[in-house]
There are 4 protein chains.
Amino acid sequence: MTENKQVVQGVRTGGRSARVRAAVLDATLAELAESGYAALTVDNVARRAGVNKTTVYRRWTDRESLVADALTEWASADIPIPDTGDLEGDLRALATSMASVLDTPIGRAVVATLVSVGNPGLVGVKRRFFGERHRAATPIVERAVARGELPPEVDPAAVIVTLRAPLYDRILLGDGVVDEALVERAVRIAVAAARSGALDR
Amino acid sequence: MTENKQVVQGVRTGGRSARVRAAVLDATLAELAESGYAALTVDNVARRAGVNKTTVYRRWTDRESLVADALTEWASADIPIPDTGDLEGDLRALATSMASVLDTPIGRAVVATLVSVGNPGLVGVKRRFFGERHRAATPIVERAVARGELPPEVDPAAVIVTLRAPLYDRILLGDGVVDEALVERAVRIAVAAARSGALDR
Amino acid sequence: MTENKQVVQGVRTGGRSARVRAAVLDATLAELAESGYAALTVDNVARRAGVNKTTVYRRWTDRESLVADALTEWASADIPIPDTGDLEGDLRALATSMASVLDTPIGRAVVATLVSVGNPGLVGVKRRFFGERHRAATPIVERAVARGELPPEVDPAAVIVTLRAPLYDRILLGDGVVDEALVERAVRIAVAAARSGALDR
Amino acid sequence: MTENKQVVQGVRTGGRSARVRAAVLDATLAELAESGYAALTVDNVARRAGVNKTTVYRRWTDRESLVADALTEWASADIPIPDTGDLEGDLRALATSMASVLDTPIGRAVVATLVSVGNPGLVGVKRRFFGERHRAATPIVERAVARGELPPEVDPAAVIVTLRAPLYDRILLGDGVVDEALVERAVRIAVAAARSGALDR
DNA sequence: GACTAAACGAGACGGTACGTCGAGTCTTTGT
DNA sequence: ACAAAGACTCGACGTACCGTCTCGTTTAGTC
């Protein structure tokens, strides 16, 4: 998180602006992971970033937009779409990558923040975040259909939701432990459901 | 603080105390539904309940415990366990009842509040809330096993989770529209998964 | 400054409100005398008064109105109107009392604050402050007219202004030293001017 | 306003520097006249002068010295000493010229700024400003003494103060209206006082 | 039915964080 | 190499809400 700041600095020009922006967003994510959204203080973020509060407010209108920006930045990483050759392998790879994100303190914090409604400024980020991952994953199913692993009527979006739902259920409603077994179960649920016609469009 | 709750609820009149308590908890839920947890202020709750702020603080130590109590109270309603004679019917009834709760403004607010972590005082409530519903539902699966509809190795808890996951996914990560079609899909996913061995313990 | 706080507390009822109000106004005058209006900080006033900043803002809308109130309070002391039997004695007594006020650090600070225009909230206080002293003093001249010491055409207000003008000139434009000699000169100027017909209405 | 400053600068340099200096000082006076000292911001002055804030800070150490400089510049105009042939005529001319200055928005602003104590950097300017006018005017009285219009014991400085005091009283403590009648009264007060021996040294 | 003890209403207070503004300093960039 | 542009630090402003406290008044339960 902080390591690539140097890189950013080196690569993307060297502007103080860019450096400050990166430092603040990093600090925001760190605070988010440590204390959660409710307890996140602009002053603390600023101090952690080695920057004055005023500087933060010069770039972001308020706490919410600061967090929104930090989440967006964090979420803008590439979403790798696996292509292992068969549906189960692809879904397993996808679920594993989701799980690895959800197992990060920051990942958990991001999800928790996005899910806490009542933050009108964050709904856009949320929609984009989950929507993109969603859309990015549908080719997996389309390829499976093309290979004949799944009937053509199956709804790709539904398969992805069915795959992710148990993971998020564990994180948000359960005890938060996302392990190998859970990933495996999610994969088998999705495959079974898809084959059974439950996910036909 | 909490001990006489049972009595209070049983009688629902008693003295001024009971009346005040009920009014404040109601107001808390209403505010929660209208504005969400973050924007809920004790002053507003008190005003809405026709009570002084001091009175609220006399009974609840802080905002968090007030909300925790309100959620607990709301969640203490009986959880009806359907028994329609076959697994699919039971699951459908269960999912429908879940969906009807999630379609209430208060229901949504409760779930949103419980899910927003970082509120250490609420994790107990959350665990109790989802845990109880969970446990209450496992007999459905046990009966299905007894009827031979499902293999005996199936994990009842996993079935219930698989049933609810798509609904909560829609509420928390999706667009929030929980309709008939979604319920139906959840049922078919759960049944297919259970039959496929994906939910074996 | 601070000494009479005790008294206030003991005498004027005992309400916390009254005590706080008095302490804050005292502190305001003290800060004003020490550092002047521009450097007066609400936080410093609060700290000096042993009170929280918020408490100050709960009673006064802003810095300006706080100062306005403090000045008004300070200025609300009785204005003793001398009656020594002859005009010169009366004017000398009046000028001496003015001079004694202007020789106080607080007196200087008050005048300096009132005179610094650009504070719309203070013009009312200013008008009241000087206007009242003005009006209060005119009987002195009226009595002198009645005694035949001055012609009836003389304008009482003009006499008072002529008396005070050299004092304020010294304070505001000169070196600030208001001494016996200056008072004496002011008295003689006013008498000479009044007798000469220069102050006829 | 700006034209004669060129001349001043013309002597010293004449380049961009001089132009910038003049523009900033002009803008300072304009802001002072419009909003007063307290509300004068360096940013506004810079913007008005079509210059960057940094440029202002390169030439003047702080707000105070900027204003001090602007006031000094403004005050450096020649003080015409009338010589009408008799004391009353001279004093009338002097008072009229004072009044005409005090009736300018900038004139009022300058006086108000100089009078607001608590600005250590301005006391020098103030002393110079009033002192010079003071000294410049004493020849008027000396001539009157030479002509036998006034006794030789009269203190020239006291006469000038007595003349100006009512004008400044009106501006600073009164309603601010400096008219013909007031000028006339000031003249008559000063003459009467001087003749009466009240202003003897 | 009176009387005491508990609970309530009213409202001020200390405290923390918010988001804003202006003074004065320091860095980056363009010429 | 240097100065304009602009970003930064610092400190104060005025606001909102939390949770505490005091004091008088009302109400409930007991004798």
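Bear in mind that the values here come from a model prediction, so they are computed numbers and not experimental data.

**Overview of the protein's contact with DNA strand F**
Right, so step 1: Surveying the vicinity of DNA strand F reveals 34 residues, the closest of which are A:Thr55, A:Arg58, C:Tyr57, D:Thr54 and D:Arg58.
Right, so step 2: Sugar and phosphate atoms form 59% of the subset of DNA strand F atoms that lie within 4 Å of the protein.
Right, so step 3: The side chain of C:Tyr57 places a nitrogen or oxygen atom 2.5 Å from a phosphate oxygen of DNA strand F.
Right, so step 4: At the level of elements, helix 2 (16-35) and helix 4 (53-59) of chain A, helix 2 (16-35) and helix 4 (53-59) of chain B, helix 3 (42-49) and helix 4 (53-59) of chain C together with helix 4 (53-59) of chain D are the ones that each hand at least two residues to the surface near DNA strand F.
Right, so step 5: Here the surface near DNA strand F is built from residues that sort into eight nonpolar, 13 polar and 13 charged.

**Some remarks on the relation of the copies chain B and chain A**
Right, so step 1: Placing chain B over chain A gives an RMSD of 0.1 Å and needs a rotation angle of 180 degrees, together with 0.0 Å of translation along the axis. Such values leave the two copies arranged in the relation of a two-fold axis.
Right, so step 2: Most of the interface of chain B is mirrored in chain A: 100% of its interface residues are interface residues there too.

**Observations concerning the side chain of D:Thr138**
Right, so step 1: Tracing the backbone through its elements, the reader meets D:Thr138 in helix 8 (residues 120-146).
Right, so step 2: Filtering out sequence-adjacent residues up to four positions away, D:Thr138 remains in contact with D:Pro156, D:Ala157 and D:Ile160.

**Brief notes about the interface of chain C and chain D**
Right, so step 1: With 30 residues of chain C at the contact, the number on the chain D side is 30 residues.
Right, so step 2: Buried surface at the junction of chain C and chain D, both sides included, amounts to about 2,300 Å², of which 63% is carbon and sulfur.
Right, so step 3: Where chain C touches chain D, the interface holds two salt bridges.
Right, so step 4: In this structure, C:Arg164 and D:Asp169 form a salt bridge, with 2.7 Å as the shortest nitrogen-oxygen distance.
Right, so step 5: At the surface where chain C touches chain D, the tally comes to nine residue pairs in polar contact (both at pLDDT 80 or more).
Right, so step 6: Going through the elements one at a time, helix 7 (105-115), helix 8 (120-146), helix 9 (156-172) and helix 10 (180-196) of chain C are the ones with two or more residues in the side of chain C that touches chain D.

**Considerations on the packing of aromatic side chains**
Right, so step 1: For the structure shown, the criterion picks out 12 aromatic pairs over all chains.
Right, so step 2: Residues A:Trp74 and A:Phe129 carry aromatic rings whose centres are separated by 6.3 Å and whose planes lie at 25 degrees to one another, so their mutual orientation is stacked. Separated by 55 residues along the polypeptide, A:Trp74 in helix 5 (residues 63-75) and A:Phe129 in helix 8 (residues 120-147) bring together distant segments of the chain.
Right, so step 3: Ring centres of C:Phe130 and C:Tyr168 lie 5.7 Å apart, and the angle between their planes is 80 degrees; this geometry places the pair in the edge-to-face category.

**Remarks on the interface of chain B and chain A**
Right, so step 1: On the chain A side, the residues contacting the 30 residues of chain B number 30 residues.
Right, so step 2: In this assembly, chain B packs against chain A so that about 2,400 Å² is buried in total across both faces, 63% of it on carbon and sulfur atoms.
Right, so step 3: The interface formed by chain B and chain A includes two salt bridges.
Right, so step 4: Linking chain B with chain A are 10 residue pairs in polar contact (both at pLDDT 80 or more).
Right, so step 5: Going through the elements one at a time, helix 7 (105-115), helix 8 (120-146), helix 9 (156-172) and helix 10 (180-196) of chain B are the ones with two or more residues in the side of chain B that touches chain A.
Right, so step 6: Residues that form the side of chain B that touches chain A fall into these classes: 17 nonpolar, five polar and eight charged.

**Regarding the packing of helix 9 of chain C against helix 9 (residues 156-172) of chain D**
Right, so step 1: Running from N to C, helix 9 of chain C and helix 9 of chain D point in directions that differ by 90 degrees, and their axes come no closer than 8 Å. As the angle between them shows, helix 9 of chain C and helix 9 of chain D are arranged roughly perpendicular. The segment helix 9 of chain C lies against helix 9 of chain D, with C:Val161, C:Arg164, C:Ala165, C:Pro166, C:Asp169 and C:Leu172 engaging D:Val161, D:Arg164, D:Ala165, D:Pro166, D:Asp169 and D:Leu172.

**Some points on the relation of the copies chain C and chain D**
Right, so step 1: Mapping chain C onto chain D calls for a rotation angle of 180 degrees and an axial translation of 0.1 Å; the resulting RMSD is 0.2 Å.
Right, so step 2: When you check the interface residues of chain C against chain D, 100% turn up at the interface there too, and the contact is symmetric in its surfaces.

**Topic: the protein's contact with DNA strand E**
Right, so step 1: Every one of the 38 residues lining DNA strand E counts as a neighbour, but A:Tyr57, B:Thr54, B:Thr55, C:Thr55 and D:Lys53 are closest to it.
Right, so step 2: Between B:Thr54 and DNA strand E, the recorded distance is 2.8 Å, taken from a side-chain N or O atom to a base oxygen.
Right, so step 3: C:Thr55 places a side-chain nitrogen or oxygen 2.3 Å from a phosphate oxygen of DNA strand E.
Right, so step 4: Going through the elements one at a time, helix 2, helix 3 (42-49) and helix 4 of chain A, helix 2 and helix 4 of chain B, helix 2 (16-35) and helix 4 of chain C together with helix 4 of chain D are the ones with two or more residues in the surface near DNA strand E.
Right, so step 5: Considering only residue class, the surface near DNA strand E consists of 10 nonpolar, 13 polar and 15 charged.

**Structural notes on helix 7 of chain B**
Right, so step 1: The buried fraction of helix 7 of chain B amounts to eight of the 11 residues, a majority that puts the element mostly inside the structure.
Right, so step 2: Regarding helix 7 of chain B, the residues found buried are B:Gly107, B:Ala109, B:Val110, B:Val111, B:Ala112, B:Thr113, B:Leu114 and B:Val115.

**Overview of the environment of A:Leu32**
Residues and elements named next belong to chain A.
Right, so step 1: In this structure, Leu32 sits in helix 2.
Right, so step 2: Sequence separation between Leu32 and Val183 is 151 residues; the distance between their C-alpha atoms is 26 Å.
Right, so step 3: Other than its neighbours up to four places away in sequence, Leu32 contacts Tyr37, Leu40, Val67, Leu71, Ala109 and Thr113.

**Notes on the environment of A:Val178**
Residue and element names in this part refer to chain A.
Right, so step 1: Relative to the helices and strands, Val178 resides in the loop between helix 9 (156-172) and helix 10 (180-196).
Right, so step 2: With relative accessibility at 8%, the residue Val178 sits in the buried group.
Right, so step 3: Apart from the residues within four sequence positions on either side, Val178 is in contact with Ala99, Asp103, Leu167, Arg170 and Ile171.

**Quick look at helix 10 of chain C**
Every α-helix carries 3.6 residues per turn, so stepping three or four residues along brings you back to the same face.
Right, so step 1: Under the 1.5 Å per step criterion, the end-to-end length of helix 10 of chain C is 24 Å for 17 residues, consistent within 8% with the ideal 24 Å.
Right, so step 2: Looking only at helix 10 of chain C, the buried set comprises C:Leu182, C:Val183, C:Ala186, C:Val187, C:Ile189, C:Ala190, C:Val191, C:Ala192, C:Ala193 and C:Ala194.
Right, so step 3: Each element contacted by the buried residues of helix 10 of chain C is listed here: helix 6 (87-102) and helix 9 of chain C together with helix 9 and helix 10 (180-196) of chain D.
Right, so step 4: After helix 10 of chain C finishes, the residue C:Gly197 shows a positive phi value of roughly 90 degrees.

**Let's talk about the arrangement of the chains**
Right, so step 1: Across the gap from chain A to chain C, with no contact made, the nearest C-alpha atoms are 19 Å apart.
Right, so step 2: Spatially, chain B and chain D are disjoint, and the shortest separation between their C-alpha atoms is 37 Å.

**Looking at the confidence of the model for chain A**
Right, so step 1: Across chain A, the average pLDDT comes to 88, with 91% of residues at 70 or higher.
Right, so step 2: The spread of mean pLDDT over the elements of chain A runs between helix 1 (residues 3-11) of chain A, the lowest at 33, and helix 10 of chain A, the highest at 97.

**Details of the pattern of salt bridges**
Residue and element names in this part refer to chain C.
Right, so step 1: In total, this model carries 44 salt bridges over all chains according to the counting rule given.
Right, so step 2: Here Arg92 ties to Glu184 by a salt bridge, and the two come within 2.9 Å at their closest N and O atoms. Taken as a pair, Arg92 in helix 6 and Glu184 in helix 10 lie far apart in primary sequence, 92 residues in all.
Right, so step 3: When its relative accessible area of 27% is taken as the criterion, Arg92 is described as partly exposed.

Rules behind the numbers
- Residues numbered from 1 in each chain as written.
- Chains lettered and ligands numbered in written order.
- Predicted model: local features only at pLDDT ≥ 70, side-chain atom pairs only at ≥ 80, totals over all residues.
- Heavy atoms only, no water.
- Near = heavy atom within 4 Å.
- Polar contact = N/O pair within 3.5 Å; in protein donor to acceptor, adjacent residues only side chain to side chain.
- Helix = DSSP H or I, 4+ residues; strand = E, 2+ residues; numbered from the N terminus.
- Nonpolar A, V, L, I, M, F, W, Y, C, P; charged D, E, K, R; others polar.
- Least-squares fit on C-alpha atoms with pLDDT ≥ 70 in both.
- Contact = heavy atoms within 4.5 Å.
- Buried area = accessible area lost by both parts, 1.4 Å probe.
- Salt bridge = Lys/Arg side-chain N within 4 Å of Asp/Glu carboxyl O.
- Phe/Tyr/Trp six-rings, centres within 6.5 Å; stacked < 30°, edge-to-face > 60°.
- Axes fitted to C-alpha atoms, helices over the stretch in contact; angles between N-to-C directions.
- Parallel < 35°, antiparallel > 145°, perpendicular 65-115°, else oblique.
- Buried < 20%, exposed > 50% of the residue type's maximum accessible area, 1.4 Å probe, protein only.
- Expected span 1.5 Å × (residues − 1).
- pLDDT = per-residue confidence, 0-100.

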